[in-house]
Amino acid sequence: MVVIRLARGGAKARPFFNIVVADKRTRRDGRFIERIGFYNPIATANEESIRIAQDRLTYWRSVGAQASPTVERLVNQAAKKAA
């Protein structure tokens, strides 16, 4: 099964997450199929905190990829910011 989830990066106490499409059986920060965006939880006011390639998200959902609950929340949050 293919899932859309967060892969952690960044340094200790400075998290940064890539939004990736990966096989469910792989490790959280392991191999992935495609990177479709990022989430920076500690972004300042003048920095971009979320970026998601909506076309790729739509494609992966159309072929059966399941988004994690956190990614669903971030997608909805990004949609509200864009509107």
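This structure is a prediction, so every number in the text was calculated from the model and none was measured. (Residues numbered from 1 in each chain as written. Predicted model: local features only at pLDDT ≥ 70, side-chain atom pairs only at ≥ 80, totals over all residues. Heavy atoms only, no water.)

A. Representation of the sheet that holds strand S1 (residues 2-11) in the model. Reading across from one edge, S4-S3-S2-S1-S5 is the order of the five strands in this open sheet, with mixed pairing throughout. The open sheet is flanked by strand S4 (50-52) and strand S5 (66-67), the only strands paired with a single partner. Pairing between strand S3 (residues 34-39) and S4: three bridges, direction antiparallel. Bridging across to S4, Gly 37 finds its partner in Ile 52. The strands touched by helix H1 (residues 54-62) within the sheet are S1, strand S2 (14-23), S3, S4 and S5, with S3 carrying the most contacts at an inclination of about 125°. (Pairing = 2+ DSSP bridges. Helix = DSSP H or I, 4+ residues; strand = E, 2+ residues; numbered from the N terminus. Contact = heavy atoms within 4.5 Å. Axes fitted to C-alpha atoms, helices over the stretch in contact; angles between N-to-C directions.)

B. Spatial organisation of the side chain of Thr 26. Within the secondary structure, Thr 26 sits in the loop between S2 and S3. Polar side-chain contacts of Thr 26 include one of 2.8 Å to the side chain of Arg 5. If we ignore the near neighbours within four places in the chain, the residues touching Thr 26 are Arg 5 and Arg 31. (Polar contact = N/O pair within 3.5 Å; in protein donor to acceptor, adjacent residues only side chain to side chain.)

C. Seen up close, the side chain of Asn 40. Structurally, Asn 40 can be placed in the loop between S3 and S4. Note on Asn 40: relative accessible area 14%, which makes it buried. Apart from the residues within four sequence positions on either side, Asn 40 is in contact with Pro 15, Phe 16, Glu 47, Glu 48 and Ser 49. (Buried < 20%, exposed > 50% of the residue type's maximum accessible area, 1.4 Å probe, protein only.)

D. Local environment of unusual backbone geometry. Of note in this structure, Ala 13 is not a glycine but carries a positive phi near 65°. With respect to the helices and strands, the residue Ala 13 is situated in the loop between S1 and S2. Residue Ala 13 is classed as exposed on the basis of its relative accessible area of 68%.

E. Region of interest: the pattern of salt bridges. Applying the stated criterion to the full structure yields five salt bridges. In this structure, the salt-bridge partner of Glu 48 is Arg 51, at a minimum N-O distance of 2.7 Å. For Glu 72, the salt bridge goes to Arg 61, with nearest N and O atoms at 2.7 Å. Taken together, the positions of Glu 72 in helix H2 (residues 69-82) and Arg 61 in helix H1 put the pair 11 residues apart, joining distant regions of the chain. (Salt bridge = Lys/Arg side-chain N within 4 Å of Asp/Glu carboxyl O.)

F. Representation of the pairing of S1. Pairing analysis gives 10 bridges linking S1 to S2, with the strands arranged antiparallel. Looking at S2, one finds that Ala 11 is bridged to Arg 14. As consecutive antiparallel partners, S1 and S2 are separated by two residues, and within that stretch Ala 13 has a phi angle of approximately 65°, a positive value. Strand direction decides the pairing type here: S1 and S5, joined by two bridges, are parallel. The residue bridging Val 3 from the neighbouring strand is Gln 66, located in S5.

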